[in-house]
Amino acid sequence: MDRTVVLITGCSSGIGLHLALRLASDPSQRFKVYATLRDLRAQGPLREAAQSRGCPPGSLEMLQLDVRDADSVAAARARVTEGRVDVLVCNAGRGLLGPLEVQEAGAVGSVLDVNVAGTVRTLQAFLPDMKRRRSGRVLVTGSMGGLMGLPFNAVYCASKFAIEGLCESLAVMLPPFGVHVSLIECGPVRTAFQEKLEGGPGGALDGADAETRDLFSRYQRHLERIFQEAAQDPEEVTEVFLAALRAPRPALRYFSTERFLPLVRMRLTDPSGRSYVAAMHRAVFADEPAEESAADLGGPALGAPSAAPQ
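Only a predicted model underlies this, so the values are computations on that prediction, with no experimental measurement involved. (Residues numbered from 1 in each chain as written. Predicted model: local features only at pLDDT ≥ 70, side-chain atom pairs only at ≥ 80, totals over all residues. Heavy atoms only, no water.)

1. Looking at the overall build of the protein chain
Selection criterion: To qualify as a helix, a DSSP run of H or I must reach at least 4 residues; to qualify as a strand, a run of E must reach at least 2; elements of each kind are numbered from the N terminus. Burial here depends on accessible area, computed with a 1.4 Å probe over protein chains only, as a share of the maximum for the residue type. Under 20% is buried, over 50% is exposed, and the range in between is partly exposed. Here, Shrake-Rupley sampling with a 1.4 Å probe gives the accessible areas, and only protein chains in the shown set may cover a residue.
The helix and strand tally for the protein chain stands at 10 helices and seven strands. Buried positions account for 54% of the 310 residues belonging to the protein chain. Summed over its atoms, the accessible surface of the protein chain is roughly 13,400 Å², and 51% of this surface lies on carbon and sulfur atoms.

This is the structure we're talking about:
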């Protein structure tokens, strides 16, 4: 029986690492997983976890792949010995947090290059073969930050909004080829993502005015509270990827949590944006407890941080 060949970007930690392990250790042994990392020197945690999980020989192979470099993507594709990829998981990503005016151009460019251009490069490398074979699935790590603007995440949200448009456009066009695209929309996830933010947690705050610095402090407190109350374990999110992978008729979007859907729906029901802007501002910055300020939304405290793709 031919195994399902899966290639995952961004496997040094977090969702990518956990998904690679989950598939490679599947009792059915029906997956061959290519776990890719930008720097193979970071493969230690994945290799050790694979050994402890008892992944069968030949179920997991690690490849170097830097989504910022088209040649690196092509080289990784050439090293897939089966000559095909059945499931492509675009998971590599970077975050950027803080006031927009203090973000350095290099940090902004890096986030857009990895999150947007990097996803495009990866799709350009693997989609043509899927279309020729008229078979394939693409899973992309999305974010609630791609469905609604989050304060102090302007560039990250811009990159994830772009991914929404990219994937939705492809999802409309690809069905005649037997290729399906699904976004896994994540809320906060307990990973090392926050520790790997471009420019650190907030950038050069000294360059921002006092009122903006105060608002950022409020946002950080809100962020901590949301992570304490709502952050998911990567294993929980991995199950959502598996549901999308196994679905006979894959949907465009799968949500790892429904906690933040009231705000997403608000953006749709009031296209002017007034309701969403007021509700999000109140949930994040109001002086009263978040539970009270969110009551008007008919749900728990909202305004999650960006998701944690790796």
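2. Some remarks on the sheet that holds strand E1 (residues 4-8)
In plain terms, the rule: In this description, strands pair whenever DSSP reports at least two bridges between them. Structural elements are reduced to axes, namely lines fitted to C-alpha atoms, with helices fitted over the stretch in contact, and the angle between N-to-C directions of any two is expressed from 0 to 180 degrees.
In spatial order, the strands read E3-E2-E1-E4-E5-E6-E7; together these seven strands make up an open sheet with parallel pairing. This sheet does not close on itself; its edge strands, each paired only once, are strand E3 (60-64) and strand E7 (253-255). Geometrically, the sheet is characterised by an average inter-axis angle of 20° between neighbouring strands, direction not taken into account. Direction of pairing for strand E6 (residues 179-186) relative to E7: parallel, over a ladder of three bridges.

3. Some thoughts on the confidence of the model for the protein chain
For the record, the criterion: On a scale of 0 to 100, pLDDT captures the predictor's confidence in every residue. It only takes one pair of heavy atoms within 4.5 Å for two residues to be counted as in contact.
Here the protein chain averages 89 in pLDDT, and 88% of its residues register 70 or above. The low-confidence segment residues 290-310 (pLDDT under 50) makes 78 contacts with residues lying over four places distant or belonging to another chain.

4. Examining helix H4 (residues 105-133)
Basically, it comes down to this: Here the expected span of a helix is defined as 1.5 Å times the quantity of residues minus one. Two axes define the bend at a residue: one fitted to the seven residues ending there, one fitted to the seven starting there, and the bend is the angle between them.
Taking 1.5 Å per residue, 29 residues should reach 42 Å; H4 reaches 41 Å between its end C-alpha atoms and fits that length. At Asp-113, H4 shows its largest bend, some 35°.

5. A closer look at the packing of aromatic side chains
Put simply, the test is: In summary, the pairing rule links any two rings of Phe, Tyr or Trp, Trp by its six-membered ring, whose centres are within 6.5 Å, and it sorts them by plane angle into stacked for under 30 degrees, edge-to-face for over 60 and tilted for everything else.
For the coordinates displayed, the defined rule picks out three aromatic pairs. Summarising the aromatic geometry, the rings of Phe-152 and Phe-216 are spaced 5.0 Å apart at their centres and angled 75° between planes, so their arrangement reads as edge-to-face. Residue Phe-152 is located in the loop between strand E5 (136-143) and helix H5 (154-173), and its partner Phe-216 is located in helix H6 (residues 210-230); the two are separated by 64 residues in the primary sequence. A residue is classified by how much of its surface remains accessible, and Phe-152, at 14% relative accessible area, is buried. With a relative accessible area of 1%, Phe-216 lands in the buried category. Look at Phe-152 and Tyr-219: their rings are 5.8 Å apart centre to centre, the planes differ by 45°, and that puts the pair in the tilted class. Of this pair, Phe-152 sits in the loop between E5 and H5 while Tyr-219 sits in helix H6, and the two are 67 residues apart along the sequence.

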